Number of protein chains: 2
Amino acid sequence: MTLPRKDLFEIPEGVIYLDGNSLGLLPKGTQAKVATVLSDQWGQQLIRAWNSAGWMDLPQKVGDRIGAILGAPAGSIATGDTLSIKVFQALASALKMRPDRKVILSDAGNFPTDLYMAQGLAGLIGGYELRTVSHDEMADHITDDVAVVMLTHVDYRSGRMYDMDDITRRAHDAGAVMLWDLAHSAGAVPVDLTASGAEFAVGCTYKYFNGGPGAPAFIYVRPDIVTEVKPALSGWLGHDAPFAMEPAYRPAMSTERMRVGTPPIVQLAILDHALDIWDDVDMGELRAASVDLCELFIREVENRCPELELASPREAALRGSQVSFLFEQGYAVVQALIDRGVIGDFRAPGIMRFGFTPLYLGREDVIRAAEILEEVIRDKIWQDPKYQIVSRVT
Amino acid sequence: MTLPRKDLFEIPEGVIYLDGNSLGLLPKGTQAKVATVLSDQWGQQLIRAWNSAGWMDLPQKVGDRIGAILGAPAGSIATGDTLSIKVFQALASALKMRPDRKVILSDAGNFPTDLYMAQGLAGLIGGYELRTVSHDEMADHITDDVAVVMLTHVDYRSGRMYDMDDITRRAHDAGAVMLWDLAHSAGAVPVDLTASGAEFAVGCTYKYFNGGPGAPAFIYVRPDIVTEVKPALSGWLGHDAPFAMEPAYRPAMSTERMRVGTPPIVQLAILDHALDIWDDVDMGELRAASVDLCELFIREVENRCPELELASPREAALRGSQVSFLFEQGYAVVQALIDRGVIGDFRAPGIMRFGFTPLYLGREDVIRAAEILEEVIRDKIWQDPKYQIVSRVT
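All of the points below concern the structure found in this document. (Residues numbered from 1 in each chain as written. Chains lettered and ligands numbered in written order. Predicted model: local features only at pLDDT ≥ 70, side-chain atom pairs only at ≥ 80, totals over all residues.)

Section: the pairing of strand β15 (residues 351-355) of chain A
Residues and elements named next belong to chain A. Counting buried residues in β15 gives 5 out of 5 residues, a clear majority hidden from the surface. Alternating positions in β15 separate into two faces, Ile 351, Arg 353 and Gly 355 on one and Met 352 and Phe 354 on the other, with burial throughout. One ladder, built from 5 bridges, connects strand β12 (residues 322-326) with β15; its direction is antiparallel. Of the residues in β15, the one forming a bridge with Gln 322 is Gly 355. Pairing of strand β14 (residues 345-347) with β15, which is carried by 3 bridges, proceeds in the antiparallel orientation. The residue of β15 that forms the bridge with Asp 345 is Arg 353. Linking two consecutive strands that pair antiparallel, namely β14 and β15, is a turn of 3 residues; a positive phi of about 75° is found at Gly 350 within it. (Buried ≥ 20, exposed ≤ 12 C-beta atoms within 10 Å, placed from the backbone. Helix = DSSP H or I, 4+ residues; strand = E, 2+ residues; numbered from the N terminus. Pairing = 2+ DSSP bridges.)

Some details on the relation of the copies chain B and chain A
Turning chain B through 180° and shifting it by 0.0 Å along the axis lays it on chain A, with an RMSD of 0.0 Å. When the rotation and shift are considered jointly, the pair of chain copies conforms to a two-fold rotation axis. Of every C-alpha in chain B, the one belonging to Ile 125 of chain B sits nearest the axis of rotation, 2.4 Å from it. With an isologous cut-off of 70% or more, the 97% of interface residues of chain B that recur at the interface of chain A puts this contact in the isologous class. (Least-squares fit on C-alpha atoms with pLDDT ≥ 70 in both. Contact = placed C-beta atoms within 7 Å.)

Thoughts on the packing of helix α4 (residues 83-97) of chain B against helix α5 (residues 112-125) of chain B
Residue and element names in this part refer to chain B. Running from N to C, α4 and α5 point in directions that differ by 50°, and their axes come no closer than 9 Å. Considered as vectors, α4 and α5 are oriented oblique to each other. For the crossing formed where α4 meets α5, the hand is right-handed. Of α5, the residues touching α4 (which contributes Ser 84, Val 87, Phe 88, Leu 91 and Ala 92) are Thr 113, Asp 114, Met 117, Ala 118 and Leu 121. Grouping the constituent residues of the contact of α4 with α5 by class yields 7 nonpolar, 2 polar and 1 charged. (Axes fitted to C-alpha atoms, helices over the stretch in contact; angles between N-to-C directions. Parallel < 35°, antiparallel > 145°, perpendicular 65-115°, else oblique. Left-handed = near helix turned anticlockwise from the far one by under 90°. Nonpolar A, V, L, I, M, F, W, Y, C, P; charged D, E, K, R; others polar.)

Considering the interface of chain B and chain A
On the side of chain A, 75 residues touch chain B, which itself brings 76 residues to the contact. Those elements that provide at least two residues to the side of chain B that touches chain A are α1 (30-45), α2 (49-52), α4, α5, α9 (265-275) and β14 (345-347) of chain B. No other element matches the 10 residues that α5 of chain B contributes to the side of chain B that touches chain A. Here the residues of the side of chain B that touches chain A sort into 46 nonpolar, 22 polar and 8 charged.

As C-alpha cells, then:
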C-alpha cells in the first residue's frame with residue numbers, strides 16, 4: 001500500500017500522534033466489528049458462539065495472522081493474557097530446558113515488567129540469578145553459565161535495537177536459550193523469527209498493531225522444540241483435550257499448550273479487525289518509511305532545538321521506529337506538546353519518546369511536530385506551572 | 001428488585017437460557033457503553049485515556065464492586081487476567097506462607113484447570129504433592145501436613161456446595177491456608193468472604209455476573225495478610241510505583257500487588273456495565289428465588305422423566321444455583337434441547353447441567369423447559385443421529 005493510509009484510522013482533529021509505540025490508533029470499522037460480537041454472537045448465539053462464531057479458534061487465527069508478519073509459521077504463535085504473563089511462560093519453559101544453568105541474562109535497561117517477572121519467577125523456584133548488563137556489554141556476557149538470554153529487541157526508552165540474528169547466534173554458541181521481547185518491534189521493524197532461530201519470542205499488540213487498550217499478548221515457540229516445552233502455567237485451554245475434563249494435565253502437541261484460560265473474545269475480535277490492515281503491508285516499505293520519518297524528525301529537531309540531546313542511535317540500522325530526546329524538563333515539555341496536539345510520552349528519567357508509525361503519519365506531520373516542539377523549547381512554554389504537575393501516567 | 005428482571009437483558013426470541021452458569025446473557029446498554037470506550041476514549045483521548053477516562057483505576061473500581069457482592073472490603077479484590085492465572089497467583093502465594101508443608105489438598109472433582117494449574121506450579125517448583133480426595137472425605141483429610149486447601153465452593157458438575165465457613169475453620173485449625181474458587185458462587189449464592197476468614201479467593205465474571213466472553217477474573221486477599229503475600233507473577237502494574245520504572249520489583253502495599261500486566265480495558269468496561277445491575281440486587285432475595293427455581297425444576301423433571309437421575313444434592317442448602325441430571329445419552333439430549341431453544345450444557349461423563357439465574361428466569365421458563373425435556377426423553381428425540389455428533393464445545 002502507499003503510505004501513509006490515514007483513511008484507515010480515526011485520527012482526532014488537530015492531533016499529531018507520536019505515541020503509537022504506546023497505544024495505537026483506533027482502526028475504522030472497529031465499532032461495527034464489536035457490535036457483531038456483542039449483539040449477534042454473544043447476545044443471540046450465547047454459549048453456542050464458542051463453536052458457531054468461531055470463538056474457540058479465534059486465539060489461533062489471530063496468532064497465525066501475527067505470525068505472518070513476524071516470519072513465524074502457522075501454528076507457532078499463541079495469543080492471550082498479557083505480555084508479562086507471556087514473559088513468565090517463556091522464561092519458565094526456557095529454564096526447564098537448561099536445568100544445570102542458573103543464570104538469566106538480561107539488559108539492565110530492559111522494560112521493568114520483564115525484569116520483575118524474572119525476579120518473581122526466580123523467587124518462586126529459588127537458586128536463580130538475574131544478571132543484568134548494559135547493551136554494549138551484552139555480547140561479552142553471553143557465557144556458558146547462562147540458561148537464557150532474555151532481551152527486548154528494541155529498547156523502550158532509547159529505541160536502540162539489538163541485532164537479533166547475531167545475539168541469538170551468540171546465545172546458541174554458548175548453549176543458552178534465546179527469548180526475545182518484541183513489544184517495540186512487532187509491526188515496527190522487520191522481524192523474521194524463523195531466520196533468527198530463537199526458541200521463544202513474546203510481544204504485545206496494542207502498540208504498532210493497534211489492538212486497543214489491553215489487547216492480548218502473544219508468544220512464539222520454535223516449532224521443533226514445542227513438544228519438549230513444559231508449560232508452567234498449565235491451564236485447561238492448553239490441554240490436549242480441554243473438554244475431556246481429564247484429571248491430569250496433558251499439554252497440547254502444538255504452541256496451543258501456551259494457552260492458559262478462557263480467551264478475551266471481545267479484545268481478540270478487535271485485534272483481529274486491526275490486523276486486517278496488515279494484509280496489505282510490505283514490511284520493507286514500512287521500514288523505509290519509518291526510517292525516513294525518524295531521520296527527518298532528528299534533523300528537524302536538532303536544527304531547531306540545540307538544547308535537546310538525541311537519546312536514540314543516530315544510525316538508522318541500530319534504531320527501532322521511535323526517536324527519543326533527553327531534556328531535564330522532558331516531562332513538562334511533553335505535557336506542553338500534548339496541550340498543543342502533539343502526543344508523545346515521557347519515561348523517567350528525562351526521556352521524551354516519539355514513536356513513528358508510517359501507517360498514519362506523513363512527513364508533514366513530522367515537520368509540524370518539530371515546529372511545535374521548537375516553540376515549546378524556544379519560548380520556554382514548559383515553564384508554565386501547569387505542565388509541572390506529575391500525573392500517574394503519561 | 002422484583003425478580004426476574006428480564007428487561008435488563010437481551011434474550012433471544014424463543015430461548016430459555018439455562019446456561020448462565022457458563023456464559024451469562026448480554027446486559028442491555030452494553031453496546032452503548034463499548035461505543036463510548038472505543039470512540040470517545042480510545043479513539044479521541046488515545047493514550048491520555050489512561051488518566052482522563054479512568055482506565056488506570058478501572059481494575060480496582062471493578063474489584064470493589066465485586067467485593068461489595070462477596071462481603072469483601074474495598075481494596076481487597078484485584079481484577080484482570082483469567083481465573084487460571086488467579087488460581088496460580090493465589091496458590092503460589094499460599095505455598096510461600098507455609099514453607100515447611102508440601103501438600104496441596106483439593107477435590108478430585110475440582111474443575112480441571114484448578115488441578116492443572118496446581119500441577120504446573122508443583123512441577124515448576126518441585127517437591128510438592130497435589131492430593132485430591134472426594135467431597136465426602138474432605139474434612140478428614142485436612143491434616144497438619146497440608147499447606148493449602150484449594151476448593152471450588154460449588155462443584156461445576158453437580159452443583160454441590162461446600163460449607164465455606166466450616167471448611168475454612170478446619171483448614172485454619174490444621175494450620176493450612178484456605179483458597180476458595182468462586183467460579184460457580186459469585187453472583188449465584190450468598191458469599192461473605194470476610195466472615196469466612198479465608199486467606200484467598202478467586203473467581204470469574206462471565207457466568208452469573210454477565211461480564212461477557214473472556215471477561216476478566218478476580219482475586220481476593222484477606223486484608224491483614226496482604227503485605228506478607230509474595231506475588232509470584234510480579235508484573236509492573238502490581239509494583240508500588242509502576243511508572244517510576246525502578247529496576248527491582250517492589251509490590252504495592254495492597255491487593256493491587258496481584259495485578260500483573262496491562263488490564264483488558266474493553267472487557268473491564270463491559271463487566272463494569274454488567275455490574276450496574278447488581279447495585280439493586282439483594283443476595284438473600286436472589287438466593288430464595290434461585291432455590292425456588294431449582295426445586296421447581298427438580299420436581300417437574302422427576303415427575304416427567306423418571307429415566308433421569310438427579311446428580312445434584314436434593315437438599316437446597318447443599319446446592320449452588322444449578323441442577324444436574326445424569327443420563328448416559330446426556331450429550332445428545334442437550335443437543336436436542338438446544339435445538340428446541342432450551343440451552344443447557346453437558347459435562348463428561350453423562351452430566352446435563354442446567355443453571356438457574358433468577359435475574360432473567362421465571363417459573364414459567366422452568367416449567368416450559370421441563371416440558372420440552374419431557375418430550376425429548378419420552379419421544380426419544382435424542383436418538384436422532386444429528387444429535388450424536390460431538391462438537392468441540394457444548
